[in-house]
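# Working through the structure, step by step
Each chain is listed here by its residues.
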Amino acid sequence: MTIAADAGVAPPEDARGRATRRYWRKALPSGVSNLRASSLHTMLSSAASRSPAPPSFAIAGICFTDVGGAAEWIIWYLQYIDNRVIYFDGWSGFGASAVLRSIADVLPSCRPSWSVCFDRIIHIDCSVWKNRREMQRVIAEELKLDRSVMAILDEADENDDFWGIPESSRNEMLGVSREIYRTLKDNRFVAIFHNGSDSEVDLYSCGVPPFGKFGDNFLIWTFGRRFLTIKDHDHGKQKLVEKLRLTHFLLYDRIRYLTGDQYYAVLCKEPVAIAAGMDPTMVADCHMYELFMHCSFDTTTKSDWAGHFPNYLICDGILQEDTAREISKVLHREITWESDASLLEDVLIKFKKHLKIPLLVLKENDAYEEGPYRWISITSTDITVHGMQHIPAEASSFLLASKRSAPPLALPNGLFARSSKLGVLILRCCSFDFASPPFVECNSLRFLGVDRCINDQTYEREDHTEWPCLNTLWVLDLRFTAWNEILSEEKIDLMANTRELNIEGDMCWQYTTRLQDRLPNLQKLRIIKPTQRPEATTNTCNSFVHKTKLEILDLSGNSEMETLPNSLSKASSLQVLVLDGCIGLEDVVLPDGLPHLLRSFSFDGYGPSSQWTPALELPPKHFRPSTTADKKEINVSKISLEGCTHLENFFIRGLANLLELDLSGSAIKTLDFETMVLEVPRLKRLFLLGCEHLRAIRWGESDISLELLCVDTRAQVGCPRPSLNQNTSSRLQVYAVLSDARLVRSLRHPVDKYISSGGDNKDVYLDIHVTSSSVHSESVQFEAICKEKKIVMYSGQVQRPVVPVGMYEDILSMVCVAPMQAFPEPPDTTNLDGHIEIAEESRGLDEHNFSEILQQHARSLHVHDVFIGAGFGGPGDWNLLKQCRMERCPKLDVVFPYWSYKFDELEIFWVLDLLMVRWICNKIYYHYDVDRPFRNLRHLHLGSCPRLQYVLPVWFSSFPSLETLHIIHCGDLKDVFVLNYNYPANGVPFPKLTTIHLHDLPALKQICEVDMVAPALETIKIRGCWSLRRLPVVEARGPGVKKPTVEIEKDVWDKLEWDGAEASHYEAPVHCRYYKKKLPRGSVL
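### Observations concerning the overall build of the protein chain
The secondary structure content of the protein chain amounts to 18 helices and 54 strands. When the 1085 residues of the protein chain are sorted by exposure, 56% land in the buried category. A total of about 46000 Å² of accessible surface is found on the protein chain, and carbon and sulfur atoms cover 49% of it.

### Brief notes about the pairing of strand β45 (residues 939-943)
Burial analysis of β45 places 5 of its 5 residues in the buried class, the great majority of the element. Side-chain alternation along β45 places H939, H941 and G943 on one buried face and L940 and L942 on a second face that is also buried. Across 5 bridges, the pairing between strand β43 (residues 908-912) and β45 is parallel. Along β45, the bridge assignment pairs L912 with G943. Relative to strand β47 (residues 964-968), β45 is paired through 5 bridges, and the arrangement is parallel. Looking at β47, one finds that H939 is bridged to T964.

### Some details on the sheet that holds strand β51 (residues 1006-1008)
Read from one edge to the other, the open sheet built from 3 strands follows the order β46-β48-β51, with strand pairing classed as parallel. Each edge of the sheet is formed by a strand with only one pairing partner; in this case those strands are β46 (952-954) and β51. In this sheet, neighbouring strand axes are inclined to one another by 45 degrees on average, regardless of whether the strands run parallel or antiparallel. As paired elements, strand β48 (residues 975-979) and β51 share 2 bridges and run parallel to each other. The residue of β51 that forms the bridge with D975 is Q1006.

### Side note on the sheet that holds strand β17 (residues 454-455)
Sheet architecture is open: 3 strands sit in the order β13-β15-β17, paired in parallel fashion. Because the sheet does not close on itself, it has two edges, and the strands there are β13 (409-410) and β17. In the sheet, β13 pairs with strand β15 (residues 430-432) via 2 bridges, with the strands oriented parallel. Within β15, the residue paired with A410 across the bridge is S431.

### Focus: the nonpolar core
Counting residues in hydrophobic clusters, the biggest one holds 186 residues, and the most contacted among them are F398, F601 and F977. Two domains each donate at least three residues to this core, and these are domain 2 (277-498) and domain 3 (926-1079). One finds I86, F218, A284 and I318 within the second-largest nonpolar core, a separate group that totals 73 residues.

### Examining the packing of helix α4 (residues 132-142) against helix α6 (residues 174-184)
Taken N-terminus to C-terminus, the directions of α4 and α6 make an angle of 35 degrees; their axes are 11 Å apart at the nearest point. Judged by the sense of rotation from one axis to the other, the crossing of α4 with α6 is left-handed. From α4, Q136, I139 and A140 reach across to α6, where they touch V176, S177 and I180. Here the contact of α4 with α6 is composed, by residue class, of 4 nonpolar, 2 polar and no charged.

### Comments concerning the packing of α4 against helix α5 (residues 147-163)
Between α4 and α5, the shortest axis-to-axis distance is 10 Å and the interhelical angle comes to 160 degrees. When the axis of α4 is compared with that of α5, the two are roughly antiparallel. Of the two elements, α4 crosses α5, and the hand of that crossing is left-handed. Between α4 and α5, the contacting residues are R133, Q136, R137, A140 and E141 on the first element and M150, L153, D154, A156, D157 and D160 on the second. Looking at the contact of α4 with α5 residue by residue, the class counts come to 4 nonpolar, 1 polar and 6 charged.

### Points about the confidence of the model for the protein chain
Per-residue confidence for the protein chain gives a mean pLDDT of 80, with 78% of residues at or over 70. Throughout residues 777-820 the model reports pLDDT below 50, and contacts reaching past four residues in sequence, or to other chains, amount to 84 contacts.

### Notes on the pairing of strand β33 (residues 732-738)
Counting buried positions along β33 gives 7 out of 7 residues, so the element sits mostly inside the fold. Burial of β33 is two-sided: the residues L732, V734, A736 and L738 facing one way and the residues Q733, Y735 and V737 facing the other way are all buried. Where strand β32 (residues 708-712) and β33 come together, 5 bridges link them in parallel fashion. Its bridge partner lying in β33, V711 is registered against A736. Where β33 and strand β34 (residues 764-770) come together, 7 bridges link them in parallel fashion. Its bridge partner being in β34, A736 is matched across the sheet by I768.

### Examining the packing of aromatic side chains
In total, this model carries 39 aromatic pairs according to the counting rule given. Both rings, one in Y87 and one in F223, keep their centres 5.7 Å apart while their planes meet at 55 degrees; by these two values the pair is tilted. One end of the pair, Y87, is in strand β3 (residues 85-91); the other, F223, is in the loop between β6 (218-222) and β7 (228-229), with 136 residues separating them in the sequence. Here the two residues Y87 and F223 agree in accessibility, since each one is buried. Note on F934 and F959: the rings are 5.5 Å apart at their centroids and 20 degrees apart in plane angle, and the pair reads as stacked. With F934 in the loop between β44 (919-921) and β45 and F959 in the loop between β46 and β47, this residue pair connects regions lying 25 residues apart in the sequence. Look at F959 and you get buried, because its relative accessible area is 0%. Counting every residue linked through ring pairs, the aromatic cluster contains W878, F896, F903, F909, F934, F959, F977 and F990. Taking NZ or CZ as reference, R499 lies 4.2 Å from the ring centre of W474, over its face. A cation over a ring is seen here: R653 above Y606, with NZ or CZ 3.9 Å from the ring centre.

### Examining unusual backbone geometry
The backbone of D517 shows a phi angle near 65 degrees, a positive value even though the residue is not glycine. Within the secondary structure layout, D517 lies in the loop between β19 (500-504) and β20 (524-528). Given the relative accessible area of 56%, D517 is considered exposed. Here D1000, not a glycine, exhibits a phi torsion of approximately 55 degrees, which is positive. With respect to the secondary-structure elements, D1000 resides in the loop between β50 (995-999) and β51. The class of D1000 is partly exposed, set by a relative accessible area of 31%.

### Topic: α6
Of all the positions in α6, only V176, S177, I180, T183 and L184 are classed as buried. With its buried residues spanning 125 degrees around the axis, α6 presents them on a single face. Exposed residues pointing more than 90 degrees away from the buried face of α6 are listed as L174 and R178. Buried-residue contacts for α6 involve β4 (120-126), α4, α5 and β5 (189-195).

### Side note on the side chain of S296
Turning to its location among the elements, S296 is positioned in helix α9 (residues 280-296). Of note is the side chain of S296, whose polar atom sits 3.3 Å from the side chain of S377. When residues no more than four places from it in sequence are discounted, the contact partners of S296 are K363, S377, T379 and L399.

### Description of the pattern of salt bridges
For the structure shown, the criterion picks out 46 salt bridges. Between R938 and E963 there is a salt bridge whose closest N-O contact spans 3.3 Å. One end of the pair, R938, is in the loop between β44 and β45; the other, E963, is in the loop between β46 and β47, and 25 residues separate them in sequence. When its relative accessible area of 32% is taken as the criterion, R938 is described as partly exposed. The closest approach of N and O atoms between D1011 and R1030, which form a salt bridge, is 3.9 Å. Of the two residues, D1011 is situated in the loop between β51 and β52 (1012-1013) and R1030 in the loop between β53 (1019-1023) and β54 (1045-1047); the sequence distance between them amounts to 19 residues. When salt bridges with common partners are traced through the structure, they connect R133, E134, R137, R147, D154, D157, D160, D161, R170 and K669 into a single cluster.

### What to know about α5
Each turn of an α-helix holds 3.6 residues, which means side chains three or four residues apart point in the same direction. A rise of 1.5 Å per residue sets the reference length of α5, with its 17 residues, at 24 Å; its end C-alpha atoms lie 24 Å apart and thus fit the reference within 8%. V149, M150, L153, A156, D157, D160, D161 and F162 are the residues of α5 that are buried. Packed against the buried residues of α5 are α4, α6, β31 (696-698) and α15 (744-756). Immediately downstream of α5, the backbone of G164 shows phi near 75 degrees, a positive value.

Conventions adopted
- Residues numbered from 1 in each chain as written.
- Predicted model: local features only at pLDDT ≥ 70, side-chain atom pairs only at ≥ 80, totals over all residues.
- Heavy atoms only, no water.
- Helix = DSSP H or I, 4+ residues; strand = E, 2+ residues; numbered from the N terminus.
- Buried < 20%, exposed > 50% of the residue type's maximum accessible area, 1.4 Å probe, protein only.
- Areas by Shrake-Rupley, 256 points an atom, 1.4 Å probe, with all protein chains shown as cover.
- Pairing = 2+ DSSP bridges.
- Axes fitted to C-alpha atoms, helices over the stretch in contact; angles between N-to-C directions.
- Core = buried A, V, L, I, M, F, W, Y, C linked by side-chain atoms within 4.5 Å.
- Domains from an automatic or database assignment.
- Left-handed = near helix turned anticlockwise from the far one by under 90°.
- Contact = heavy atoms within 4.5 Å.
- Nonpolar A, V, L, I, M, F, W, Y, C, P; charged D, E, K, R; others polar.
- Parallel < 35°, antiparallel > 145°, perpendicular 65-115°, else oblique.
- pLDDT = per-residue confidence, 0-100.
- Phe/Tyr/Trp six-rings, centres within 6.5 Å; stacked < 30°, edge-to-face > 60°.
- Lys NZ or Arg CZ within 6 Å of the ring centre and 35° of its normal.
- Arc of directions from axis to C-beta.
- Polar contact = N/O pair within 3.5 Å; in protein donor to acceptor, adjacent residues only side chain to side chain.
- Salt bridge = Lys/Arg side-chain N within 4 Å of Asp/Glu carboxyl O.
- Expected span 1.5 Å × (residues − 1).

Written as structure tokens, this is what we have:
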């Protein structure tokens, strides 16, 4: 690419041009001193000297009047300047993003021999600003980094979701920054950055190498948010200078140097990124229409009608009907002018004569000139003063308003006589005959807005019975205008094409009865802030039976409405329901539920918002009242949005009597008690069943004290309400089925709050299941083969066999393995107040908060079918756990990790099928205050743990309550109990041990590493323990006292080692008929 030195349009030779020439003769190298000075200019900022910290950058201007010329000049400029960080402000803030996009398009085509050549051109478009991490993601995507790098960002976002961290507060990831730096450090590059935030950003924190003055890299950036900005030159530049601390050079120009054609050309370039794929000219026209509306009304009224912007674009004909709706939604989100109102009016006045669409904006005392105007706005107390007799035939939008303080503006006769193309009509503070309006013959009218108008019957009335304007009407908006004629059933029947009906300040919600079986295409209905009182005899139950296309329903301010119509369930397309200020409602509950497509719901006890939004969104905070307008008591006690599977936006506030909130099945990701649910002090029951998208509950500083919390986040599972424990005396009950254990963070708050406020931990009832499976706490089927007979057993019915053996049944039959010992039934871990189950497809089990809730609140624990390698819990005590059941965890290495202690309440420990576990609890140096951690353990059952080396560490008086020891199929087990560090090696008493069953433990040498004293022992059954050499020490018993019975293989009994006459302390052993036999020659496998 060759860039001409005289590119651009030169301004007249004036002081501005002479200053430009003098500056660039000094600033540029001598080799380029022949640059045409009139194509550049500079203007050092006097405002910069007033900054608290004077900027260390130069400020200069350009005088190009088109996007392409400005882009080419900036590229050319890179060859001769030492400044590496360049901020471009466009034309008073306007057009900067368009120029930067043009630079990104042009740079790759630069010829290789040209001095401005880069290894990489990084286009960082963060016009829609989310957070610094998202900016880092854009950079990583632009560099096409490996998917593993992107996974770091995904994982961080997911984890922050569970922490409830707002998106705006998420920062860069160090690992990704390293990878970005590694990729760029040896490259020469230029970064083009659209910064959508409000402050300067240092890209170095994202991993982009610094832009030093001695380096080869460049940064060209702008505050490129996706709305059109025009700033006052002096004040705007002063504010900008105060923000720039890392920038070396500021380039700018003023919008007043553009002609109307040039301005429109830049405007056509500006929305390229906003509306990709759309006709730029069409989008520019939409921008100009928004600017026209912005300047049409005074400051107090323009925002009242701003919400209709998508409707204006369609009804005026700027957008074609087939694609108009979706396009208008996009443009409404993106098109916003940010500027001083007077400056925008100056821009509109300057450029209106040069636009393709002629427009007219008349204020008080302005003179009217005839012309083919398409858009007309008049704000006056007397339209006749301007000399307008009739609206031009070309007009498609007409806005007429008078001041509220002035008398209503009378509409002249014949004003609409030629208005055959009129599509948008807004009348404010006017007077006309309501029975025969002067615009009744406007047969192209699509939008009719009437605000604070009065009936004037002094007109010469013409008989208009048909009202042709209603046949084409799409939007009817009546505000504080008692126009009963147009709302009559006769006239409503003419509105077959009406999509939107808004009534503010007149009718109450009972007007919906007149709409029954009418307005078949109605999509938006607002009946808000009524002044009429409801009638006691009106039945509204069937008002919405046939409203299948209704998407938005706003009944704000209907304070005397007591119940919602049951037929609202039939409005199958409803997506937004607003009940702000409906303080008379007793409940928000429908027998058949609200429509499942509902996306947004609002019930603000403070009252209606000052404005409504046209899209499927709720009113923003600045539109909502800051104080309660009505001091009446708000009655609503229950809100149920169960089954609203698309619900994302939710807001309730100031509902002092609300007891129950049901959001089951919703798509809410974060339930925030600081921004979504506010001032509900009596809330006792919260249901979040089937909320598969739920990641966090942010409780904040809310003062609620829940009694019942039910959560289920499994996907595509019908989630019935849990069977509540009616017998418990607990004051707080928490039922949860979580597919990800990280959500436990959110469940801790109500528990911790209850305990911190003086409640007893024993008064908290927990029932938590961590699983993605559709079934939890169900019986697990086991299979066994015994003498070629398949037995299926279920929990709670009969004793379960040891393990599934179907895979090896043929081999076992060949070697004549003895029938397996019946394994004890697992404990019923659901009968205690603090039950936690961890099951298949669980995620986030390494979560620290989950470990804490396990150790601090779990009374019963059931773990099965999980693939986690580390143990459960963390350092600390387990002083509430009573029952522990673990099974089928093939990767688990250790059950309780290092420094887990103080199992004071544990009574039953039941383990089965832990294929990799090496020990249950590790050795540890125990302090004096935890010297009896298993003092209540009564039953110890272990089965099918082939890698198990030992079970538990032991020391004096470790197991004073142990009654049953049952261990089977643990091939590597050498000792059940091993001596803990630094404890004496004398005998350890087991005073209550009565039963020992040991089966298929070929490596077991002894049960306890030191002498095991069991004075109460009654039964020992041993089979397949071929290395066993010692039995527990049993004292001699007196006459008539039964000795312990022993069932054991003869050759094992014969090899036992005794101290003195201990063998005589047992009954004569019963030798089973099964003996160890040699395997057949050759492998049977």
